[in-house]
Amino acid sequence: MTRKAQCCCGACVVEVSSEPALHGVCNCNNCKKRTGSAFGISAYFWAEDVRVVSDNTAIYALSNDHGKQERHFCRNCGTTLYWQVEIFAGMTGVAGGCFAEDPLPDPTFYAMLDNKCAWVSFSEQMKAGLKPEDIPTKN
C-alpha cells in the first residue's frame, strides 16, 4: 500500500510504500515545539520506503538528547513534513498528521511520559514508553 503525506499548502509531498516500522505519540518538549501541540505523532519508515515526490523544503538541523536531527519543512507554509534522527538510523520520520487524507493505522506506543500534559490520556492498547531495545533494526 502506498500512502501520501503532504504539508498544509501541498507544495511538499512524500509517499511511503510500507507500514511504519515505529508509530507513536511523543510527549517530549522537542515534539511539542515542532508541532505547536501537546504532543507529536511520529511515524518512522525505513528510508528506502519513503519517496520525496514534491520537495520545496528547507532543513532545520539541530542536536539534542536524541542526537543529530534534520527536519525538512515547507518553505511556503512551514509544515514540518519529515526528518531524520540519529537514534533512528536508517529510518525517516514523517509527521503523522500530514497523512490527513490517507490516515495511518493507530499509533502503538506513547513516549516521554514525564512531559505529558496532565489532561492527555491514551488508549489502553498503546504501549507505554519506548526503550532502546524497542527500536527495530533492519535485517
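The following refers to the structure shown.

Calculation notes
- Residues numbered from 1 in each chain as written.
- Predicted model: local features only at pLDDT ≥ 70, side-chain atom pairs only at ≥ 80, totals over all residues.
- Heavy atoms only, no water.
- Phe/Tyr/Trp six-rings, centres within 6.5 Å; stacked < 30°, edge-to-face > 60°.
- Helix = DSSP H or I, 4+ residues; strand = E, 2+ residues; numbered from the N terminus.
- Buried < 20%, exposed > 50% of the residue type's maximum accessible area, 1.4 Å probe, protein only.
- Salt bridge = Lys/Arg side-chain N within 4 Å of Asp/Glu carboxyl O.

## So, the packing of aromatic side chains
- All chains considered together, the criterion is met by five aromatic pairs.
- Where Phe-45 meets Phe-99, the ring centres are 6.0 Å apart and the plane angle is 50 degrees; that geometry is what we call tilted. Taken together, the residues Phe-45 in strand S4 (residues 40-46) and Phe-99 in the loop between strand S9 (91-95) and strand S10 (109-111) connect sequence positions 54 residues apart. Neither residue differs from the other here; Phe-45 and Phe-99 are each classed as buried.
- Connected via pairs of aromatic rings, a cluster forms that spans Phe-39, Tyr-110 and Phe-122.

## Brief notes about the pattern of salt bridges
- What the rule picks out here adds up to two salt bridges.
- The salt bridge partner of Glu-19 is Arg-3, with a shortest N-O separation of 3.0 Å. Within this pair, whereas Glu-19 is found in the loop between strand S2 (13-16) and strand S3 (22-26), its partner Arg-3 is found in strand S1 (residues 3-6), the two being separated by 16 residues in sequence.
- Exposure remark for Arg-3: the relative accessible area of 7% places this residue in the buried category.
- In this structure, Glu-15 and Arg-51 form a salt bridge, with 2.9 Å as the shortest nitrogen-oxygen distance. With Glu-15 in strand S2 and Arg-51 in strand S5 (residues 50-54), this pair connects stretches of sequence that are 36 residues apart.
- The class of Glu-15 is partly exposed, set by a relative accessible area of 22%.

Keep in mind these values describe shape, not function.
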